[in-house]
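# A structural walkthrough
Each chain, written out:
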Amino acid sequence: MRILIVLEGLELEAELDSSNTAKAIYQILPIESSISFWGDEIYFPIDVSLPPENARDDLEIGDIAYWPDGRCFCIFYGKTPASFDDKPRPASPVNVFGRIHAGSERLKNIKADKILIEKLEDG
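Being a predicted model, the structure only gives us computed values, none of them experimental.

### Comments concerning the nonpolar core
- In this structure, Ile3, Ile5, Leu7, Phe44, Phe73, Leu107 and Ile117 are the most contacted members of the largest nonpolar core, which totals 30 residues.
- Going through the elements one at a time, strand 1 (2-7), strand 2 (10-16), helix 1 (20-27), strand 5 (41-45), strand 6 (63-67), strand 7 (72-76), strand 8 (95-100) and strand 9 (114-120) are the ones with two or more residues in this core.
- Looking at this core element by element, the count peaks at 4 residues for strand 2.
- With sequence-adjacent residues up to four places away left out, Phe73 is seen in contact with Ile3, Ile25, Ile42, Tyr43, Phe44, Ile46, Ile64, Ala65, Phe97 and Ile117.
- Leu59, Cys72, Val94 and Val96 belong to the second-largest nonpolar core, a separate cluster that totals 7 residues.

### Description of the side chain of Ser83
- Inspection of the secondary structure assignment puts Ser83 in the loop between strand 7 and strand 8.
- At 2.8 Å, the side chain of Ser83 forms a polar contact with the backbone nitrogen of Thr80.
- Side-chain polar atoms of Ser83 contact the backbone oxygen of Lys87, separated by 2.7 Å.
- The contact partners of Ser83, leaving out residues within four places of it in the chain, are Pro88 and Arg89.

### Here we look at the sheet that holds strand 1
- Reading across the sheet, the 9 strands line up as 3-9-1-2-8-6-7-5-4 and stay open at both edges, with antiparallel pairing between neighbours. Each edge of the sheet is formed by a strand with only one pairing partner; in this case those strands are strand 3 (31-34) and strand 4 (36-37).
- Of the strand pairs in this sheet, strand 4 and strand 5 are connected by 2 bridges, and their pairing is antiparallel. In the strand pairing of strand 5, Phe37 is matched with Ile42.
- Seen against the sheet, helix 1 touches strand 1, strand 2, strand 6, strand 7, strand 8 and strand 9 and runs at an angle of roughly 65° to strand 8.

The rules behind each value
- Residues numbered from 1 in each chain as written.
- Predicted model: local features only at pLDDT ≥ 70, side-chain atom pairs only at ≥ 80, totals over all residues.
- Heavy atoms only, no water.
- Core = buried A, V, L, I, M, F, W, Y, C linked by side-chain atoms within 4.5 Å.
- Buried < 20%, exposed > 50% of the residue type's maximum accessible area, 1.4 Å probe, protein only.
- Helix = DSSP H or I, 4+ residues; strand = E, 2+ residues; numbered from the N terminus.
- Contact = heavy atoms within 4.5 Å.
- Polar contact = N/O pair within 3.5 Å; in protein donor to acceptor, adjacent residues only side chain to side chain.
- Pairing = 2+ DSSP bridges.
- Axes fitted to C-alpha atoms, helices over the stretch in contact; angles between N-to-C directions.

Right, dumping it as C-alpha cells:
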C-alpha cells in the first residue's frame, strides 16, 4: 500500500506495511488535517482507535507510526524532545506501520499547518 503525503507543496511517497494498523488507516484515506509538531515529528489526530501492535519507541528517521495513547498519525523525521541521540523517539510506544521512501529530511524546512494524506494507486 502506497500513500502520498502533501505539506505546503512538498510531496513525499511512503510505503505502508501489511499490519492491521496500516490496513485500518489506509481504509480511512484521504485525510486532511491541521498538524502539530513535537521536535522533528509531525502528528495529528485521526478518526480510528487502534490497540498497540508491536508498539515500540526505537525508531528511524522516515518512520510513519500510529500513537495509540493519543490516537494520532505520526511522521518522524529527526530528533524529538524524548530523543537520546539523533534518532527520533516518541513520547510513548507507537505502532510503526510505514516508511517514507526518500526526502524525509526535507520536512525540517516545513512550516505548514495542514497536511493531506492520500492513497497512491499502483501502476
